[in-house]
Amino acid sequence: TLSATLCLQNYPSQIVERQNRPEIEFRDTPAVILRPLCIARDEKECCLIEPSINSVRVSIKVRQSDDTERMLCRKFARFFTQRAEQFVILRKKPIEGYDISFLITNT
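The model shown is predicted, which means the values in this text are computed figures rather than measured ones.

Some details on the nonpolar core
Grouped together as the largest cluster of nonpolar side chains are ten residues: Cys47, Ile49, Val56, Val58, Ala77, Phe80, Ala84, Leu90, Ile100 and Phe102. Within the residue set of this core, elements represented by two or more residues are β2 (45–51), β3 (55–61), α3 (67–82) and β4 (100–105). Look past the residues within four positions of Ile100 in its chain and what remains in contact with it is Val58, Ser59, Ile60, Phe76, Ala77, Leu90 and Pro94.

Below you can see the structure in the form of structure tokens.
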């Protein structure tokens, strides 16, 4: 469920000593990666939530049915990616097939 997805805890890396890496990004330990959750209105509008024990990746696909919506979505995504350092949870590059991706960690 969604509430269980956001219950994050500290989980040090099993590969690299004394590092706490987001398991959903590196996939070092497959046992701590949970089943992804997809919330969709239709094929063009959906949200993919990929949970693990210490991080959650949320990817959003926005409907882009005409040129105006494509331009708005591109500018919106560019606005966020240029300020990714200020938004601690934003990934600079979205997952393939999605417009915006967020990475939420336990720290």
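Here we look at the side chain of Glu50
For Glu50, the position within the fold is in strand β2. Engagement of the side chain of Glu50 in a polar contact is seen with the side chain of Arg27, the distance being 3.5 Å. A polar side-chain atom of Glu50 sits 2.7 Å from a polar atom in the side chain of Arg57. In contact with Glu50, not counting residues within four places along its chain, are Ile24, Arg27, Pro36, Ser55, Val56, Arg57, Ser59 and Ile95.

Quick notes on empty space enclosed by the protein
Counted according to the given criterion, the structure contains one cavity of 30 Å³ or more. The calculated volume of the largest cavity comes to roughly 40 Å³. Looking at the largest cavity, the residues that line it are Ala77, Phe80, Thr81, Leu90, Arg91, Pro94, Asp99, Ile100 and Ser101. Sorting the residues of the lining of the largest cavity by element identifies α3 and β4 as the ones contributing at least two each. Here the lining of the largest cavity gets three residues from one element, more than from any other, and that element is α3. Of the residues assigned to the lining of the largest cavity, the class counts are five nonpolar, two polar and two charged.

Observations regarding the pairing of β2
Regular strands have side chains that alternate between both faces of the sheet. Within β2, six of the seven residues are buried, which leaves the element mostly enclosed by the surrounding structure. Bridge count for strand β1 (residues 37–42) against β2 is five bridges, and the pairing is antiparallel. Bridge pairing in β2 links Asp42 to Glu45. In this antiparallel pair of consecutive strands, β1 and β2, the connection spans two residues. In this structure, β2 lies alongside β3, joined through six bridges in antiparallel fashion. Looking at β3, one finds that Cys46 is bridged to Lys61. Turn length for the β2-β3 hairpin, with the two strands adjacent in sequence and antiparallel, is three residues.

Observations regarding the packing of aromatic side chains
Under the counting rule described, the total for this entry stands at two aromatic pairs. Geometrically, the ring pair formed by Phe76 and Phe80 is edge-to-face, given 4.7 Å between the ring centres and 90 degrees between the ring planes. Pair noted here: Phe76 and Phe80 are both in helix α3, with a separation of four residues, about one helical turn. Owing to a relative accessible area of 43%, Phe76 belongs among the partly exposed residues under this scheme. Their ring planes at 70 degrees and their centres at 5.6 Å tell us that Phe79 and Phe80 sit as a pair that is edge-to-face.

Cut-offs applied
Residues numbered from 1 in each chain as written. Predicted model: local features only at pLDDT ≥ 70, side-chain atom pairs only at ≥ 80, totals over all residues. Heavy atoms only, no water. Core = buried A, V, L, I, M, F, W, Y, C linked by side-chain atoms within 4.5 Å. Buried < 20%, exposed > 50% of the residue type's maximum accessible area, 1.4 Å probe, protein only. Helix = DSSP H or I, 4+ residues; strand = E, 2+ residues; numbered from the N terminus. Contact = heavy atoms within 4.5 Å. Polar contact = N/O pair within 3.5 Å; in protein donor to acceptor, adjacent residues only side chain to side chain. 1 Å grid on protein atoms, 1.4 Å probe; cavity = no way out; pocket = protein on both sides within 12 Å on 5 of 7 lines; lining within 4 Å. Points joined across faces, edges and corners; volume = space filled by probe spheres on them. Nonpolar A, V, L, I, M, F, W, Y, C, P; charged D, E, K, R; others polar. Pairing = 2+ DSSP bridges. Phe/Tyr/Trp six-rings, centres within 6.5 Å; stacked < 30°, edge-to-face > 60°.

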